[in-house]
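Structural description and commentary
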Amino acid sequence: MAVSNVARYTCEIVFHSAANVPLADLNDLSSDPYIIATLIPGTSGPNSKTPQSISYRTPTARRSLNPTFNARWIVAGIPSSGFALSLSLRDEDPGDRDDTLGKAVIRFPDPHRDTGDGARELKKGWDSGEREYKVHKRHGSLRTRLGTYVAKVVTRGGVGHRVRVFVSVRVLGPAPHVEGEDAGRVYTLGPHVFVRHFSPLATHLTSVKSFIVNRLQLAGPVPAALRHRYVGFAPFVKAMFRARGIEGILLNRALHKQHRAIYKWDGNTIWGIVGEEQSEDRAEKEAQHRLGDGSAQREQPDEAFARKFLEMTAYGTEGRIFTYVIMLDGEWRFTETGEEFAIQLLSKHTMHADVAVEIAYSGEFFVRRIHSSKGASSSRQADGEGSGAQDEPDGGERVDETEGEADNPDPSSLPPSAYELVIDNDSGTYRPHKDLLPTLTVYLSRPENLGALGRMRAMDGFDERLKRWKEHRQEIKKRARGGDKVKGAVRQASISSSSSSGSSSSVYDVEEREAAEGAQQDAEVERQKLEEQYEREALTDDGQRARDNDDHDQAAQGEEQVLAKDQG
């Protein structure tokens, strides 16, 4: 059967919980477990060059041997023959490599459980229900197995040894219709997961108060044309990506280590879902808005996602410029860049990609305000028309280069349509083709991605106008951050000095501790803002429900009054 004729569906996969997780920390007789799931479809295109597997990471459950995750993953393009899930249960260890606690491989439909008529293939309405699966500890590390044995003896059997995970799968409906090279692929449709890492090491090496590393899941599929391999412009580059030879192995390991240090998972890391509703019918709402009869029906731009992106980029204030990579699975990774960031040890884009041989796209971007006498700009269409810089006439609009510091001190008070994204292909490692900039724009401009932004410009990194804009933003940054001091470069020089004394080492320890404390404080502020946002969304939902249903419940009416008072 031709790949295009295979029935394909959108499935919701939920990782509910785990039980009797192996012990990894003897100090408090617990673990910090999470699950990495890799999905492999039962059918893939015969000539497909795209890896037919995608991955997902649950949030970390802190200090628990019986964690609850309730993490949802919506995947589209799954064939009716089903798929396999390879699960790796791991323990988060900020000071070292994460321990593997066990592994499991499960199939949906399950040939041993789904034996009834019509149950052996996925179809509309198929639902596995919550199922229990065994995790094989023999695939885990020796340390965790020994730790579990010791804990079992100490607690006199209080620590279980039969490790289990609980997973459910249900078909939400036909997959959105995809044509061309993108047909026959599986991809993450949602939800929009965002992660913010607060790296004390990077903070210590830079002149900023807190160095934040961002991950943002875009809705797929990533266009098949957006596929770029590293450019082997020198022998050591090829050796580095292939981990060949002594030099290549050392460089490869150094970049992997740098990636782990910068994208550090610990107690300060924030994992969240954009626009997550605290209701049981969220999956049904997504099915209604995004699936329908198998075609993409969602036309209204996702303002919540655009606003979260603006928050993560600080609305482009203080002249910020970001380095980014978009991975093949649609994960967007980015950090602020500039001369004050003295952590460019080997290669920014290679580090962000974790030495990936292939990515979708990479470069730099920045966000800025749009001023217009006609109101918010709508010149950038979702279908990508006018996406190139050369096709973007000013149309009476001017760009705000003062970052709104005087006329609007609160950038979050403006709608996403008041901002534009300027993105380029400035990456020496992967050198994305400039001819694909319009394709990148169309992908990012989809309603479910950044379609709510006022405008998007995709420009070649060598564009002279773009260079002038970046230089201007660098001047804005210098003024905002106290002149030309580059604290990170000074620190790095002092660290590498061979004449370091005991007192300088002491100063280094103090600075490192201050950096860690700064990262923790910023993470706590971000977490409080997130909790306040969820509380406002819950109040809005409850108040609206009371109005819609003419609810006479006193508690609901009280929530409605609070909502009206807040909005007034």
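It should be emphasised that the depicted structure is a prediction, and the values quoted were computed from it without experimental measurement.

1. Observations regarding the nonpolar core
One recurring pattern in soluble globular proteins: nonpolar side chains tend to sit buried together. Core analysis: the largest hydrophobic core is formed by 39 residues, its most contacted members being Ile13, Leu39, Trp73 and Leu85. Broken down by secondary-structure element, the contributors of at least two residues to this core are β1 (8-19), β2 (33-41), β3 (54-57), β4 (68-79), β5 (83-91), β6 (99-108), β8 (164-174) and β10 (193-198). Contact partners of Ile13, with chain neighbours within four places excluded, come to Leu39, Ala71, Arg72, Trp73, Val75, Phe83, Leu85, Val167, Ser168 and Val169.

2. Brief notes about the sheet that holds β4
Hydrogen bonds along the backbone pair up the strands of a sheet, which may run parallel or antiparallel. Strands sit in the order β7-β8-β1-β4-β9 across an open sheet of five strands; the sheet is antiparallel. The strands lining the two open edges of the sheet, one partner per strand, are β7 (131-134) and β9 (187-190). Along the sheet, successive strands turn relative to each other by an average axial angle of 35°, direction set aside. As defined by bridge partners, β1 adjoins β8 across ten bridges and the pair is classed as antiparallel. Bridged to Val14 within β8 is Ser168.

3. Focus: the environment of Ile13
Within the secondary structure, Ile13 is located in strand β1. Measuring from C-alpha to C-alpha, the distance between Ile13 and Ile74 comes to 6.2 Å, with 61 residues separating the pair along the chain.

4. A few points about the sheet that holds β5
Taken in spatial order, the four strands of this open sheet run β3-β2-β5-β6, and their pairing is antiparallel. This sheet does not close on itself; its edge strands, each paired only once, are β3 and β6. If you compare each strand with its neighbour and ignore which way they point, the axes differ by 20° on average.

5. Some details on the environment of Ser199
Turning to its location among the elements, Ser199 is positioned in the loop between β10 and α2 (200-204). The exposure class of Ser199 is buried, given its relative accessible area of 1%. For the pair Ser199 and Asn268, spaced 69 residues apart in sequence, the C-alpha separation works out to 9.0 Å. For Ser199, the residues in contact, after removing those within four places along its chain, are Phe211, Ala261 and Ile262.

6. Observations concerning a positive patch on the surface
Positive charge collects at one region of the surface, where Arg97, Arg253, Lys257 and Arg260 lie side by side. A residue is classified by how much of its surface remains accessible, and Arg97, at 55% relative accessible area, is exposed.

7. Digging into the pairing of β8
Taking burial as the measure, the eleven residues of β8 include nine buried ones, the bulk of the element. Inspection of the sheet shows β7 paired to β8 by four bridges, in the antiparallel sense. Counted as the bridge partner of Lys134 is Arg164 from β8.

8. Describing the packing of aromatic side chains
Tallied over the entire structure, the rule returns 17 aromatic pairs. Residues Tyr230 and Phe241 carry aromatic rings whose centres are separated by 4.1 Å and whose planes lie at 5° to one another, so their mutual orientation is stacked. Here Tyr230 is found in the loop between β12 (228-229) and α3 (235-242), whereas its partner Phe241 is found in helix α3, with eleven residues between them in sequence. Take Tyr230 and Phe241: they sit in the same class, and that class is buried. For the ring pair Tyr324 and Trp332, a centre distance of 6.3 Å and an interplane angle of 80° mean the geometry is edge-to-face.

The rules behind each value
- Residues numbered from 1 in each chain as written.
- Predicted model: local features only at pLDDT ≥ 70, side-chain atom pairs only at ≥ 80, totals over all residues.
- Heavy atoms only, no water.
- Core = buried A, V, L, I, M, F, W, Y, C linked by side-chain atoms within 4.5 Å.
- Buried < 20%, exposed > 50% of the residue type's maximum accessible area, 1.4 Å probe, protein only.
- Helix = DSSP H or I, 4+ residues; strand = E, 2+ residues; numbered from the N terminus.
- Contact = heavy atoms within 4.5 Å.
- Pairing = 2+ DSSP bridges.
- Axes fitted to C-alpha atoms, helices over the stretch in contact; angles between N-to-C directions.
- Patch = residues over 30% accessible without salt bridge, like charges linked within 9 Å, V, L, I, M, F, W, Y side chains within 5 Å.
- Areas by Shrake-Rupley, 256 points an atom, 1.4 Å probe, with all protein chains shown as cover.
- Salt bridge = Lys/Arg side-chain N within 4 Å of Asp/Glu carboxyl O.
- Lys, Arg positive; Asp, Glu negative; His and termini not counted.
- Charge placed at Lys NZ, Arg CZ, Asp CG, Glu CD.
- Phe/Tyr/Trp six-rings, centres within 6.5 Å; stacked < 30°, edge-to-face > 60°.

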